[in-house]
Amino acid sequence: MTTRKRVILSGMRPTGKLHLGHLVGALENWVALQHEFQNYHLIADYHALTTNPDTTDIPDHSREMLIDWLSAGIDPSLSPVFRQSRIKEHSELHLLFSMLISSSRLERNPTLKEQVRDLEIEGVTYGHLGYPVLQAADILLYKGEIVPVGEDQLPHIEITREIARKFNQQYKRVFPEPEAKLTKFSRLPGLDGRRMSKSVGNTILLSDLPDTIRSKMRKAVTDPQKIRKGDPGRPDICLVFAYHNKFNQAEVPEIRAGCESGSLGCVDCKLNCANHIVNALAPIRERRAYYEKHGSEVKEILADGERRAAAVAKATMTEVHDAMGIG
Ligand code: TRP
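Criteria and cut-off values
- Residues numbered from 1 in each chain as written.
- Predicted model: local features only at pLDDT ≥ 70, side-chain atom pairs only at ≥ 80, totals over all residues.
- Heavy atoms only, no water.
- Domains from an automatic or database assignment.
- Contact = heavy atoms within 4.5 Å.
- Buried area = accessible area lost by both parts, 1.4 Å probe.
- Phe/Tyr/Trp six-rings, centres within 6.5 Å; stacked < 30°, edge-to-face > 60°.
- Helix = DSSP H or I, 4+ residues; strand = E, 2+ residues; numbered from the N terminus.
- Buried < 20%, exposed > 50% of the residue type's maximum accessible area, 1.4 Å probe, protein only.
- Polar contact = N/O pair within 3.5 Å; in protein donor to acceptor, adjacent residues only side chain to side chain.
- Salt bridge = Lys/Arg side-chain N within 4 Å of Asp/Glu carboxyl O.
- Axes fitted to C-alpha atoms, helices over the stretch in contact; angles between N-to-C directions.
- Left-handed = near helix turned anticlockwise from the far one by under 90°.
- Nonpolar A, V, L, I, M, F, W, Y, C, P; charged D, E, K, R; others polar.

Topic: the domain arrangement of the protein chain
Step number 1: Taken domain by domain, the protein chain comprises domain 1 (7–188 + 295–324) and domain 2 (210–288).
Step number 2: Here the C-alpha centroids of domain 1 and domain 2 sit 35 Å apart.
Step number 3: Taken residue by residue, the interface counts 14 residues in domain 1 and ten residues in domain 2.
Step number 4: For the pair domain 1 and domain 2, the two sides together bury roughly 980 Å², of which 66% comes from carbon and sulfur.

Have a look at this one:
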């Protein structure tokens, strides 16, 4: 007897080349779960338009992101990878779902409020307000049961559950109520100690070459009270120590002791850390070099993923149409 694998749906907006935060916060998790679950990975290119209608960078950013996914170890023969814009059913289900949730519910979405504040948005578009409705369509088209996300996405998963429940009550049971799966590893800080973010420019990219990683790490901020070798440092407030924790666990006790006593200087500590990151990223770098050389293979992987995703999406929409008696 074969038991059906549970379905994971995960996605990212195409922001271009990915950084260590994406690896630790999402990709490692996707890769670890790809055998036990049926994964679908979506490039949320329509979602990218919610905060910026300019499409210039979207094709390039989507391709770079896909190469990073593959390089990080996503096996596309197991897990279809696809662009949201290529599967028309996302748009249709988004429309139908938009009738099942009130605008006041969407206006209460804390993630939206944060974006409006951070990006200083003056008039929220109808499409931006409906961001979680499109996300619900993304997840439920594939009957996603588990959604690995960061904390900022929890409100969207809650809205997805409400929409699934409402549809099932109003028409017929078609959809599961998906659950969020938070990533275990706490966030890696950026090289300046602030939140790691592409727009701040404090990241190490998965595609950075060894020398770039070393020079970025050399400039990383450390404990301001530790000015020269010999001064005692506080590893728990040092972002370099957080990186050691992730990429160089074996030496953590020794590094803590050396930092606290002062015998270990920041310059050596950072170089050591950079070298461990360089090593950890070696297989990713190798695969990236391969995919960069084999562009047509990347295109074929995407086309294949889109064919498989489209078949699932179509089957779900047939059920939706049957349940509603229209369409
Ligand atoms: N909103 C997600 C983010 O910004 C991206 C996304 C779009 C997504 N559709 C999804 C994530 C479906 C999980 C499932 O990170």
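Regarding the packing of aromatic side chains
Both the distance between ring centres and the angle between the ring planes are used here to describe each pair of aromatic rings.
Step number 1: All told, the structure shown has eight aromatic pairs when counted by the stated rule.
Step number 2: Between Phe-82 and Tyr-142, the ring centres sit 5.1 Å apart and the planes meet at 45 degrees, which makes this aromatic pair tilted. In this pair, Phe-82 sits in strand S3 (residues 81–83) while Tyr-142 sits in the loop between helix H8 (131–141) and strand S4 (146–149), placing the two residues 60 residues apart along the sequence.
Step number 3: For Phe-82, a relative accessible area of 0% translates into the label buried.
Step number 4: With relative accessibility at 2%, the residue Tyr-142 sits in the buried group.

Section: the environment of Ser-261
Step number 1: Secondary-structure assignment places Ser-261 in helix H12 (residues 252–261).
Step number 2: The class for Ser-261 is partly exposed, based on a relative accessible area of 48%.
Step number 3: The spatial distance from the C-alpha of Ser-261 to the C-alpha of Asp-231 is 7.6 Å, given a sequence separation of 30 residues.
Step number 4: With residues up to four places along the chain from it excluded, the contact list for Ser-261 reads Gly-230 and Pro-232.
Step number 5: A distance of 3.3 Å separates the side chain of Ser-261 from the backbone oxygen of Gly-258, its partner in a polar contact.

Re the pattern of salt bridges
Step number 1: Counted under the stated rule, the structure contains 20 salt bridges.
Step number 2: A salt bridge links Asp-118 to Arg-117; the nearest nitrogen and oxygen atoms lie 3.4 Å apart.
Step number 3: Taking the relative accessible area as the measure of exposure, Asp-118 reaches 52% and is therefore exposed.
Step number 4: For Arg-117, a relative accessible area of 57% translates into the label exposed.
Step number 5: In this structure, Asp-236 engages Arg-256 in a salt bridge whose closest nitrogen and oxygen atoms are separated by 2.9 Å. Placement of Asp-236 in the loop between helix H10 (210–218) and helix H11 (239–247) and of Arg-256 in helix H12 is noted, with a sequence separation of 20 residues between them.
Step number 6: Judged by its relative accessible area of 61%, Asp-236 falls in the exposed class.
Step number 7: What makes Arg-256 partly exposed here is its relative accessible area of 27%.

Points about the side chain of His-47
Step number 1: Along the chain, His-47 falls in helix H2 (residues 45–48).
Step number 2: Here the side chain of His-47 touches Gln-84 through a polar contact of 3.2 Å, side chain to side chain.
Step number 3: Apart from residues no more than four positions distant in its own chain, His-47 is found in contact with Arg-13, Gln-84, Tyr-131, Leu-134, Gln-135 and Asp-138.

Structural notes on unusual backbone geometry
Step number 1: Despite not being glycine, Glu-120 shows a phi value in the positive range, around 50 degrees.
Step number 2: Relative to the helices and strands, Glu-120 resides in the loop between helix H6 (110–118) and helix H7 (126–129).
Step number 3: Of the residues examined, Glu-120 reaches a relative accessible area of 67% and is grouped as exposed.

Re the packing of H10 against helix H13 (residues 266–280)
Step number 1: As a packed pair, H10 and H13 sit with axes 9 Å apart at the nearest point and diverge in direction by 145 degrees. Here H10 runs over H13; the crossing is right-handed. For the pair formed by H10 and H13, the contact residues are Pro-210, Ile-213, Arg-214, Met-217 and Arg-218 on the first element and Lys-270, Leu-271, Cys-273, Ala-274, Asn-275, Ile-277 and Val-278 on the second.
Step number 2: Here the residues of the contact of H10 with H13 are counted per class, giving eight nonpolar, one polar and three charged.

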